[in-house]
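# Fold and contact review
These are the residues of each chain, in order.
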Amino acid sequence: MTGAREGEPVVSAQGLTKTYGALSAVDHVDLEVGAGDVYGLLGPNGAGKTTFMRMLFGLIRPDSGEISVSGVPVQPEPRRALAEVAGFVEAPRFYPYLSGRKNLELLGRLDGGLRPQRINEVLEVVDLFDRRDSRVREYSYGMVQRLGVAAALMRDPRLLVLDEPTNGLDPAGIRDMRNLIHRLVDTGLTILLSSHHMVEVDEICTRVAIMRRGRLAYDGPITELRAQAGRATRHLDTTDNHVAVEVCRGFAGVEHVQLDGPQIVFDADEATVERLSRELVHAGLGIHRLHAPTSALETLFFRLTEGGTGTPTDEEAAA
Amino acid sequence: MTTTSAATTRTPITTARTTAGAGTVFGVELRKLLGQTRTRVVATVLLVAPWIFILLVLHQDQLPLETLYGRYLKTTGFATPMVVLVTATQWLFPLIAAFISGDIFSSEDNYGTYKTILTRSVSRRAVFWGKVTAALVATVGLVIAIGASALIAGLVAVGDQPFITVGNLEVPSTAHAIGMVAESWLSVLPPLIGFASIAMCVSVLTRNSVLGVVVPVVIGLVFQMYMFLNAWDTVRHALLNWPMNAWRGLLDDPSYAEPFLRGLVVSAIYTAVALTIAYVVFHRRDIQEG
């Protein structure tokens, strides 16, 4: 990075705060992204991820605190600080009346000039080369997302910032985008990626920060988070849930047991679930259904971001 | 997606990235303007309109006698650009200024593309002045092109008979006549720039393309209505429509430039105030949309 010293974090935020009236969108956030990190910024919608990224890009000014890139404060020197940063905030946007290629040409000019061959290269990377001369208004949502990645890659960034890159994509689009990010990770780029999907971050990132109502609820290596996760939330339905709930409550390793309508909800790790299922059968109960609607990491994510039991709603589980 | 390694073929960066200045943004903005179908269509219509107008006039018995130079439309080809000028100063020039300039900032809000361009190697200052320059060059360029089209249409369809000034003097020299027509058209550029600046200011303040186009036109109409009133002259002279008619003094006998010179000052004040407000607001705003 421009002006970066060895060991210096690529992104450093200290006491970063942005409020809108009574709402604290980002509330005294301290965060560091190291060189080579694939850093996941997790949180539900409205947690402050996008506001954080807008401040990183200099699009909005913090009320207090500072964010710097490679030691250069974004305010008041956004151009110098962001010289080797690229990416997009929320959905990437382009001029719909121009082709994808024309859009990239104009953006290349704003970067101080660009080899035409480089445009072709990045269009090939995101699989849009064949549609390069179609107007952007004819692109699908997923194609625009990929064009956003192409526009970012054109800058040959050292830090790539992607704000919910799979948001709004269909399953095939999500798969393609994740594959693309995996390939970019392999190139050694430092990546800051926001998401509200724990599985996505678990799959891609080396470090993770979880935001809740503008504050950091967790910041550390993903491996540490996995170690903390341990127990996933389980849903159990048996031939007699009133008897089963008593069995669960008395079983070692089973926590947060509650009868929730037609099912029992509890937290337990894999080994405990295996033993519990045998115990339930031994107690003469038939098991209709026993499953984990979310992974252990997701359970922890919901607990950290909602401050509740860690049991997701059906909508969250479906998401 | 392909598995090409293009993403990994990063060129070693040995020097700081080149940053784009207002000149680069100017070029990009001009390309964007020309890339819009509506701009090309409107420009084509405006350039063709004088030709249709003079051809229709030549095929009818009546002349627009109530319009200055209307009575000379079949007498000299130089009357065509002058009639177009008289008509355009009423409402067309403010509309052209608003059409091109009233959208140049707010369209980025509508498309959500401010975040796209402001995350490249370009400062807000460069974006602002690049856009302002592109809007003014496009507006001025289009008006000059309309004047040239009208002049050529008149000369081709009617001929280069002697030009008649506002002071009723005949100008037999074709070159001199072309110079006087050009002088008249160029004299409307300062207030035109003033209207374009108002349009850009409204575009920045409202972030709305419709308002960016409509508000300057409404302001122009209100000014025009005041001009028709037998009201306070000091106010009349401070309105942008006043210098739009300063060319009459330049073509009178004897000619007088006082309205033109006063119009220069008035236009400069409108331009400076509108662009200063626009710059301050643009530079300080948060980019939340998109």
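Just so it is clear, the structure is predicted and the values come from calculations on it, not from any experiment.

Turning to the overall build of chain A, a few remarks are in order. Along its length, chain A carries 12 helices and 14 strands. Counting only C-alpha atoms, chain A reaches 75 × 45 × 40 Å along its principal axes. Residues counted as buried form 55% of the 319 residues belonging to chain A. Put simply, of all contacts in chain A between residues at least 6 apart along the chain, 66% involve residues at least 24 apart. As presented, chain A carries roughly 13000 Å² of accessible surface, and 47% of it is formed by carbon and sulfur atoms. Positive and negative charge centroids in chain A, built from 35 and 45 side chains respectively, lie 7 Å apart.

Let's shift gears to the pattern of salt bridges. What the rule picks out here adds up to 27 salt bridges over all chains. Put simply, Asp156 of chain A and Arg118 of chain A hold a salt bridge, and the shortest N to O gap is 2.8 Å. Within this pair, whereas Asp156 of chain A is found in the loop between helix H5 (141-153) and strand E7 (159-163), its partner Arg118 of chain A is found in helix H4 (residues 116-125), the two being separated by 38 residues in sequence. Relative accessible area serves as the criterion here: at 3%, Arg118 of chain A is assigned to the buried category. Between Glu108 of chain B and Lys131 of chain B there is a salt bridge, with the nearest N and O atoms lying 2.7 Å from each other. Of the two residues, Glu108 of chain B sits in helix H4 (residues 106-111) while Lys131 of chain B sits in helix H6 (residues 124-157), which places them 23 residues apart along the sequence. For the pair formed by Glu108 of chain B and Lys131 of chain B, the shared burial category is buried. Each of the salt bridges in this network shares a partner with another, and the network as a whole consists of Glu29, Lys32, Glu108 and Lys131 of chain B.

It is worth spelling out the interface of chain B and chain A at this point. Taken together, the contact between chain B and chain A spans 45 residues of the former and 51 residues of the latter. For the pair chain B and chain A, the two sides together bury roughly 4500 Å², of which 53% comes from carbon and sulfur. Summed over the shared surface of chain B and chain A, the number is two salt bridges. Two residues, Asp286 of chain B and Lys18 of chain A, come together in a salt bridge whose shortest N-O distance is 2.9 Å. Where chain B touches chain A, the interface holds 18 residue pairs in polar contact (both at pLDDT 80 or more). Elements with a contribution of two residues or more to the side of chain B that touches chain A: helix H1 (22-35), H4, helix H5 (114-118) and helix H13 (258-284) of chain B.

Time to look at the sheet that holds strand E9 (residues 207-212) of chain A. Across a sheet, strands are paired by hydrogen bonds formed along the backbone, either parallel or antiparallel in direction. Residues and elements named next belong to chain A. Strand order across the open sheet formed by six strands is E6-E7-E8-E3-E9-E10, with mixed pairing between neighbours. In this open sheet, the two edge strands, each paired with only one partner strand, are strand E6 (85-88) and strand E10 (215-221). Between one strand and the next, the sheet's axes are offset by a mean angle of 15 degrees, whatever the strand orientation. Where strand E3 (residues 38-42) lies against strand E8 (residues 190-195), five bridges are found, and the strand directions are parallel. Bridge pairing in E8 places Val38 opposite Ile191. Relative to E8, helix H6 (residues 171-186) is tilted by about 150 degrees, and along the sheet it contacts E3, E7 and E8. Each of E9 and E10 is contacted by helix H8 (residues 222-229), which is oriented at about 105 degrees to E10, the strand it contacts most.

Moving on to the sheet that holds strand E11 (residues 232-238) of chain A. Residue and element names in this part refer to chain A. One open sheet holds the four strands; their spatial order is E12-E13-E11-E14, and the pairing between them is antiparallel. Because the sheet does not close on itself, it has two edges, and the strands there are strand E12 (255-260) and strand E14 (287-291). Neighbouring strand axes in the sheet, compared pairwise and without regard to direction, differ in orientation by 15 degrees on average. Of the strand pairs in this sheet, E12 and strand E13 (residues 263-268) are connected by four bridges, and their pairing is antiparallel. Note that in E13 the partner of Gln258 across the bridge is Val265. Contacts between helix H9 (residues 241-249) and the sheet are confined to E11, E12 and E13, with E12 contributing the most and set at about 170 degrees to the helix.

Before going further, it helps to examine a nonpolar patch on the surface. Residue and element names in this part refer to chain B. Together, Leu205, Leu261, Leu264, Val265, Ile269, Val273 and Ile277 make up an exposed nonpolar region whose accessible area comes to about 610 Å². Element by element, the count of residues in the nonpolar patch is highest for H13, at six residues. Among the secondary structure elements, Leu264 is positioned in helix H13.

Note: most residues except glycine have negative phi, and most peptide bonds are trans. The peptide bond linking Gln75 of chain A to Pro76 of chain A adopts the cis configuration, its omega dihedral lying at 10 degrees. One can find Pro76 of chain A in the loop between strand E5 (72-73) and helix H2 (78-81). The omega torsion of the bond from Asp253 of chain B to Pro254 of chain B falls at 0 degrees, within 30 degrees of zero and hence cis. Inspection of the secondary structure puts Pro254 of chain B in the loop between helix H12 (247-250) and H13. Unlike most non-glycine residues, Asp156 of chain A shows phi in positive territory, near 50 degrees. A positive phi is found at Asn168 of chain B, a non-glycine position, where the angle reads about 70 degrees.

On to the pairing of strand E4 (residues 64-69) of chain A. Residue and element names in this part refer to chain A. As paired elements, strand E1 (residues 11-20) and E4 share five bridges and run antiparallel to each other. Opposite Gln14, over in E4, you have Glu66 as the bridge partner. By the bridge criterion, two bridges tie E4 to E5 in an arrangement that is antiparallel. When the bridges of E5 are listed, Val69 appears paired with Val72. Between E4 and E5, which follow one another and run antiparallel, lie two residues, and Ser70 among them has a positive phi close to 50 degrees.

What counts, and where the lines are drawn
Residues numbered from 1 in each chain as written. Chains lettered and ligands numbered in written order. Predicted model: local features only at pLDDT ≥ 70, side-chain atom pairs only at ≥ 80, totals over all residues. Heavy atoms only, no water. Helix = DSSP H or I, 4+ residues; strand = E, 2+ residues; numbered from the N terminus. Buried < 20%, exposed > 50% of the residue type's maximum accessible area, 1.4 Å probe, protein only. Contact = heavy atoms within 4.5 Å. Areas by Shrake-Rupley, 256 points an atom, 1.4 Å probe, with all protein chains shown as cover. Lys, Arg positive; Asp, Glu negative; His and termini not counted. Charge placed at Lys NZ, Arg CZ, Asp CG, Glu CD. Salt bridge = Lys/Arg side-chain N within 4 Å of Asp/Glu carboxyl O. Buried area = accessible area lost by both parts, 1.4 Å probe. Polar contact = N/O pair within 3.5 Å; in protein donor to acceptor, adjacent residues only side chain to side chain. Pairing = 2+ DSSP bridges. Axes fitted to C-alpha atoms, helices over the stretch in contact; angles between N-to-C directions. Patch = residues over 30% accessible without salt bridge, like charges linked within 9 Å, V, L, I, M, F, W, Y side chains within 5 Å.

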